[in-house]
Amino acid sequence: MRRLTGVVLVIAAMGLAIWLALGPSTEWDGVARVARFVVILGCFGVIGGAARLVFPGKAEDQQAQVTD
């Protein structure tokens with residue numbers, strides 16, 4: 001379930017980031033441009049966090065899953 005959640009988050013964040021980078025009007029100015037940039041950076045953070053859900057880096061996490 002944890003890995004499925006991670007995969008769904010990665011796909012959703014990548015889709016939103018690509019849409020924000022390529023899809024909406026590039027004539028946005030001021031606050032809208034800054035907000036779009038912040039949301040894109042947030043998408044990168046979500047992708048990084050979701051990757052940790054899919055691939056846990058600690059051996060303790062894998063041991064806990066094996067014993068459960």
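Residues numbered from 1 in each chain as written. Predicted model: local features only at pLDDT ≥ 70, side-chain atom pairs only at ≥ 80, totals over all residues. Heavy atoms only, no water.

Visitor: Can you lay out the overall build of the chain for me, pointing to particular residues and giving the numbers?
Guide: In terms of helices and strands, the chain carries three helices and zero strands. Along its sequence from the N terminus, the chain presents helices and strands in the succession α-α-α. Across the chain, the fraction of contacts at a sequence separation of at least 24, relative to all contacts at a separation of at least 6, is 69%. Surface exposure of the chain reaches about 5200 Å², of which carbon and sulfur atoms provide 69%. (Helix = DSSP H or I, 4+ residues; strand = E, 2+ residues; numbered from the N terminus. Contact = heavy atoms within 4.5 Å. Areas by Shrake-Rupley, 256 points an atom, 1.4 Å probe, with all protein chains shown as cover.)

Visitor: Go over helix H2 (residues 31–54), please, and point to the residues and values.
Guide: In a regular helix each residue adds 1.5 Å, so 24 residues correspond to 34 Å; H2 covers 34 Å between its end C-alpha atoms and thus fits that length. Elements that come into contact with the buried residues of H2 comprise helix H1 (2–22). (Expected span 1.5 Å × (residues − 1).)

Visitor: Tell me about H1, and please be specific about residues and values.
Guide: The first and last C-alpha atoms of H1 sit 30 Å apart over 21 residues, in line with the 30 Å expected at 1.5 Å per residue. Taken residue by residue, H1 has Gly6, Val10, Ala13, Ala17 and Leu20 as its buried positions. Looking straight down H1, one finds that the buried residues subtend no more than 110° of arc, so they occupy a single side. In H1, the exposed residues that point more than 90 degrees away from the buried face are Leu4, Ile11 and Leu22. For H1, the elements touching its buried residues are H2. (Buried < 20%, exposed > 50% of the residue type's maximum accessible area, 1.4 Å probe, protein only. Arc of directions from axis to C-beta.)

Visitor: Provide a residue-level description of the confidence of the model for the chain, including the pertinent values.
Guide: On average, residues of the chain score 84 in pLDDT, and 84% of them reach the 70 mark or higher. Between the elements of the chain, mean pLDDT differs from a low of 61, seen in helix H3 (residues 59–67), to a high of 91, seen in H1. (pLDDT = per-residue confidence, 0-100.)

Visitor: Lay out the packing of H1 against H2 in plain terms, naming residues and giving numbers.
Guide: At their nearest, the axes of H1 and H2 sit 8 Å apart, and the two run at 160° to each other. Comparing the axis directions of H1 and H2 gives the class roughly antiparallel. Note on packing geometry: the crossing formed by H1 with H2 is left-handed. Tallied by class, the residues present in the contact of H1 with H2 amount to 18 nonpolar, two polar and four charged. (Axes fitted to C-alpha atoms, helices over the stretch in contact; angles between N-to-C directions. Parallel < 35°, antiparallel > 145°, perpendicular 65-115°, else oblique. Left-handed = near helix turned anticlockwise from the far one by under 90°. Nonpolar A, V, L, I, M, F, W, Y, C, P; charged D, E, K, R; others polar.)

Visitor: Before we move on, could you go through a nonpolar patch on the surface and cite the residues and values that matter?
Guide: Judged by side-chain polarity, Val34, Phe37, Val38, Leu41 and Phe44 come together as a nonpolar surface patch covering roughly 510 Å² of accessible area. Mapped onto the elements, Phe37 comes out in helix H2. (Patch = residues over 30% accessible without salt bridge, like charges linked within 9 Å, V, L, I, M, F, W, Y side chains within 5 Å. Salt bridge = Lys/Arg side-chain N within 4 Å of Asp/Glu carboxyl O.)

Visitor: Just give me the short version of the environment of Ile40, but keep the residues and values in it.
Guide: One can find Ile40 in helix H2. Those residues in contact with Ile40 that lie beyond four places of it in its chain are Leu20 and Ala21.

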